[in-house]
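Examination of the molecular architecture
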Amino acid sequence: MSLVYDSLARWSVAWSPLQVPALGLHVRGPAMLASQKDFNNAVSQVKLLKEDPGNEVKLKLYALYKQATEGPCNVPKPGMLDFINKTKWDAWNALGSLSKEAARQNYVDLVSRLSASSESPSPEAPAADRKQPESDSLVVTSEDGITTIRLNRPAKKNALTTQMYHDIIAALQAASKDESAITVLTGSGDYYCSGNDLTNFTHLPAGGLEEMARSAAALLRDFVNCFIDFPKPLVAVVNGPAVGISVTILGLFDVVYATDRASFHTPFSHLGQSPEGCSSYTFPKIMGSSKAAEMLLFGKKLTAQEACAQGLVTEVFPDGTFQKEVWARLKAYSKLPPNAMRISKQIIRNREKEKLHAVNAEESSVLRERWQSDECMNAIASFLSRKAKL
Ligand SMILES: CCCCCC/C=C/C(=O)SCCNC(=O)CCNC(=O)[C@H](O)C(C)(C)COP(=O)(O)OP(=O)(O)OC[C@H]1O[C@@H](n2cnc3c(N)ncnc32)[C@H](O)[C@@H]1OP(=O)(O)O
């Protein structure tokens, strides 16, 4: 094994970035695929990376570059002892029949994530230095080794405004670097979260509906990416009913504790919309395809006990003792060695990450189209004119 690593290290020196670029990526909608120009820019950007991304990532870059430029692996497998070329060949071959266009997009995505992480400040951000959210609708605190991100719009059932998506992204980025061991998302009041604030769709920018859909899809994608990439144990403390995107992203949490008053509802078809938060992938994996279809296609609302039986929720607590029991448990967990927890999370989650990024991109792209449909516009208009509730 060390021989292979040594060889890879030398390789990375010998490789020009032009030769270098997530394995197993097979899904992506046509609307958001990168152009040749985006791809060429990404190839140039690789040269400017400030930090060496490591051999594993270089292998991914290499494989995606080959797939994007030459298509599926079409050269004979190198001999057993030709470690370097065999490892490169394996990485390229693992991409199977991924299309050139999807490989190009995945290459662009990977480079953009690498560029963003090499630009972000690396020093640990202690809780006291944390930039506070722009609005009071999100409250972020750090105590006893736990950073808590609290949705704080109880009068609107914690519906997520555009500003809140931005603030949650910033809070997760800060939490990933602070001194806490565990990060928690929870809600204030009787609801956990009623999902996307439907009035987000009423603020039409100068570019009209099309521009609104484009920017919402980009924000959705960034938002979900933060959950996919979050490096520490991430726990949802579901203090009441959960709707829409607050349910779908639960598949990206490590542990989900729920009060017995919680319910889990994804009424996407009722809203003329389609699943997000990687739920089109995580839900069938967690609960099987037919239970996932009942939720995601027909909007079946699950009780907390049902969600627990189906694996979406880790444990259900009686509402009367929910807060006390859950926080006592989390405080105990937060004393565990933080690095061990991070590394264990990495092992559990890393092999799925590229797939999840590809699913997120496709779901966002499909929603971009859905948001411009009559079905969706009519459903939102109906809610806003108070004719419809879930
Ligand atoms: C960057 C964009 C990314 C988008 C990602 C895609 C996300 C998709 C989703 O999340 S889809 C799910 C969207 N959510 C809903 O459709 C829920 C709509 N709300 C309801 O059906 C009901 O409000 C309820 C069942 C959640 C609660 O009903 P009830 O207990 O009777 O309370 P009220 O209806 O009186 O609600 C109180 C107050 O809150 C306002 N409100 C609640 N939810 C939302 C919401 N999602 N968006 C906007 N406003 C909401 C509701 O209008 C009331 O306001 P008012 O007091 O009348 O001013």
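Whatever comes next refers back to the structure up there.
This text gives an overview of the structure that appears in the document. (Residues numbered from 1 in each chain as written. Predicted model: local features only at pLDDT ≥ 70, side-chain atom pairs only at ≥ 80, totals over all residues. Heavy atoms only, no water.)

Comments concerning the packing of aromatic side chains
Aromatic rings considered in pairs are described by the distance between their centres and by the relative angle of their planes. Tallying each qualifying case throughout the model produces nine aromatic pairs. Ring pairs connect the aromatic residues Tyr165, Phe223, Phe227 and Phe253, which therefore count as one cluster. Over the ring of tyrosine 62 we find lysine 88; its NZ or CZ atom is 5.0 Å from the centre of that ring. (Phe/Tyr/Trp six-rings, centres within 6.5 Å; stacked < 30°, edge-to-face > 60°. Lys NZ or Arg CZ within 6 Å of the ring centre and 35° of its normal.)

Description of the nonpolar core
Ranked by internal contacts, the top residues of the largest apolar core, which has 63 residues, are Tyr192, Phe223, Phe227, Val238, Leu250, Phe253 and Phe264. The leading source of residues in this core is helix α7 (residues 208-229), at ten residues. In this structure, Ala34, Leu64, Leu98 and Ala103 belong to the second largest nonpolar core, which totals 23 residues. (Core = buried A, V, L, I, M, F, W, Y, C linked by side-chain atoms within 4.5 Å. Buried < 20%, exposed > 50% of the residue type's maximum accessible area, 1.4 Å probe, protein only. Helix = DSSP H or I, 4+ residues; strand = E, 2+ residues; numbered from the N terminus.)

With respect to the site of the ligand
Close to the ligand lie 26 residues; Lys156, Ser194, Asn196, Leu198 and Lys389 are nearest. Here a nitrogen atom of the ligand sits 2.9 Å away from a polar atom, N or O, in the main chain of leucine 198. The contact in question runs from an oxygen atom of the ligand to an N or O atom on the backbone of isoleucine 245, over 3.0 Å. Applying the majority rule of atoms within 2 Å of the grid points places the ligand in the second largest pocket. Of the residues forming the shell around the ligand, the biggest block, three residues, is contributed by α7. For the shell around the ligand, the per-class residue count stands at 15 nonpolar, five polar and six charged. (Near = heavy atom within 4 Å. Polar contact = N/O pair within 3.5 Å; in protein donor to acceptor, adjacent residues only side chain to side chain. 1 Å grid on protein atoms, 1.4 Å probe; cavity = no way out; pocket = protein on both sides within 12 Å on 5 of 7 lines; lining within 4 Å. Sits in = over half its atoms within 2 Å of the grid points. Nonpolar A, V, L, I, M, F, W, Y, C, P; charged D, E, K, R; others polar.)

Things to note about the sheet that holds strand β2 (residues 146-151)
If you trace the six strands from one edge of the open sheet to the other, you get β1-β2-β3-β4-β6-β9, paired in mixed fashion. Strand pairing shows two members of the sheet lacking a second neighbour, β1 (138-143) and β9 (315-317), which therefore form its edges. For this sheet the average axis-to-axis angle between neighbouring strands, irrespective of direction, equals 20 degrees. (Pairing = 2+ DSSP bridges. Axes fitted to C-alpha atoms, helices over the stretch in contact; angles between N-to-C directions.)

What about helix α9 (residues 279-287)?
Within α9, the full set of buried residues consists of Ser279, Thr282, Phe283 and Met287. Taken down its axis, α9 places every buried residue within 95 degrees of arc, on the same side. In this fold, the buried residues of α9 make contact with α8 (245-248), α10 (289-296) and α13 (338-370). Two residues or fewer after α9 comes glycine 288, characterised by a positive phi angle close to 90 degrees. (Arc of directions from axis to C-beta. Contact = heavy atoms within 4.5 Å.)

Here's the deal with the pattern of salt bridges
Applying the stated criterion across every chain yields a total of 15 salt bridges. A salt bridge links arginine 153 to aspartate 197, with the shortest nitrogen-to-oxygen separation between them at 2.7 Å. Separated by 44 residues along the polypeptide, arginine 153 in the loop between β2 and α6 (162-177) and aspartate 197 in the loop between β3 (182-187) and α7 bring together distant segments of the chain. Neither residue differs from the other here; arginine 153 and aspartate 197 are each classed as buried. Through salt bridges with shared partners, one network takes in Asp254, Lys345 and Arg349. (Salt bridge = Lys/Arg side-chain N within 4 Å of Asp/Glu carboxyl O.)

Some points on the layout of surface pockets
For the second largest pocket, the calculated volume is near 1100 Å³. Listed by contribution, the elements that provide at least two residues to the lining of the second largest pocket are α6, α7 and α14 (374-384). Considering every element that reaches the lining of the second largest pocket, the biggest residue donor is α7, with six residues. Tallied by class, the residues present in the lining of the second largest pocket amount to 23 nonpolar, eleven polar and eight charged. (Points joined across faces, edges and corners; volume = space filled by probe spheres on them.)

A word on the sheet that holds strand β5 (residues 242-243)
Strand order in the open sheet formed by three strands is β5-β7-β8, with mixed pairing between adjacent strands. A single partner strand is all that each edge strand has here, and the edge strands are β5 and β8 (302-303). Pairing analysis gives two bridges linking β5 to strand β7 (residues 263-265), with the strands arranged parallel. Bridge pairing in β7 links alanine 242 to phenylalanine 264.

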